[in-house]
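# Working through the structure, step by step
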Amino acid sequence: MKTNEIRDKSITDDELIDGYLRGDIHCFDDLLKRYEVKLFNYIYRFIGQRQEAENIFQDVFSRVINHLAYYRKSGKFSAWIFKIALNRCMDHLRKHKKIATLSLNQQYSSVDDQGCSLENLIVSDTPSSSTEVHKVEIQRLLQEEIACLPDKQKQVLMLRIYAELSFKEISHVLHCSINTALARMQYALKHLRARLKEKGVVDELR
């Protein structure tokens, strides 16, 4: 692969990896640029603290560089790198027992790829009394409930919302079937809706 082809978006991740392993450092730079924004956003949303997220982000790419020669090409580089990030995030949360901060305004692509926010997935349109204070309260309670989700449900939720992976990619990351990933997502959303309803945050649910 020629250097002037590196920034061609049609070039696959695996081709960039091959180029880097042949000694073209620009290929890795291009690979980094493809994933740095999405990967950092995912880690930051998972961890909730910028400095710690930056440290984990650097660690993830350090691990990628060190193990790239052992990566088995299968067109699933995105799943591989987010699996590394997920493991590091889970290790960090278990060690520090911190609750990540999630934004209700973050866009989520549903099963049928119709984008909507996490808030819209959890609650229907609220009455006119839904003020900014009300929204802040929903966000606070939602953060608490997401932190209490079983790890497997939380992992699917985060990979879908913030890593923006397809359920096929998520199945590769978590080593489960697509149907299992879908089911975990639905269980997570069902739990969050039910808990918000129990706490009287919303009058109606989807």
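Residues numbered from 1 in each chain as written. Predicted model: local features only at pLDDT ≥ 70, side-chain atom pairs only at ≥ 80, totals over all residues. Heavy atoms only, no water.

On to the overall build of the protein chain. Of the regular secondary structure elements, the protein chain holds nine helices and two strands. Looking at the protein chain residue by residue over its 206 residues, the buried ones come to 46%. Looking at the protein chain alone, contacts between residues at least 24 apart form 64% of all its contacts between residues at least 6 apart. Total accessible area on the protein chain is roughly 11,400 Å²; 47% of this is exposed by carbon and sulfur atoms. (Helix = DSSP H or I, 4+ residues; strand = E, 2+ residues; numbered from the N terminus. Buried < 20%, exposed > 50% of the residue type's maximum accessible area, 1.4 Å probe, protein only. Contact = heavy atoms within 4.5 Å. Areas by Shrake-Rupley, 256 points an atom, 1.4 Å probe, with all protein chains shown as cover.)

Below, the discussion takes up the nonpolar core. Residues Tyr42, Ile43 and Leu159 are the most contacted members of the largest nonpolar core, which totals 52 residues. Secondary-structure elements contributing two or more residues to this core are helix 1 (13-21), helix 2 (25-47), helix 3 (50-67), helix 4 (77-96), helix 6 (132-147), helix 7 (151-161), helix 8 (167-174) and helix 9 (178-198). Once residues within four sequence positions are removed from consideration, Leu159 is found in contact with Tyr42, Phe82, Leu86, Glu164, Leu165, Ile170, Val173 and Leu174. (Core = buried A, V, L, I, M, F, W, Y, C linked by side-chain atoms within 4.5 Å.)

With that out of the way, let us pick up the side chain of Asp14. Topologically, Asp14 is positioned in helix 1. Classification of Asp14 as buried rests on a relative accessible area of 15%. A distance of 3.1 Å separates a polar atom in the side chain of Asp14 from a polar atom in the side chain of Tyr71. (Polar contact = N/O pair within 3.5 Å; in protein donor to acceptor, adjacent residues only side chain to side chain.)

The set of residues buried in helix 1 consists of Asp13, Asp14, Leu16, Ile17 and Gly19. Its buried side turned inward, helix 1 meets helix 2 and helix 4.

Attention now moves to the packing of helix 7 against helix 8. Where helix 7 meets helix 8, the closest approach of the two axes is 10 Å, and the angle between their N-to-C directions is 135 degrees. Looking at the two axes, helix 7 sits oblique to helix 8. Helix 7 and helix 8 meet at a crossing whose hand is right-handed. Here Gln155, Val156, Leu159 and Arg160 of helix 7 lie close against helix 8, whose contacting residues are Phe167, Ile170, Val173 and Leu174. (Axes fitted to C-alpha atoms, helices over the stretch in contact; angles between N-to-C directions. Parallel < 35°, antiparallel > 145°, perpendicular 65-115°, else oblique. Left-handed = near helix turned anticlockwise from the far one by under 90°.)

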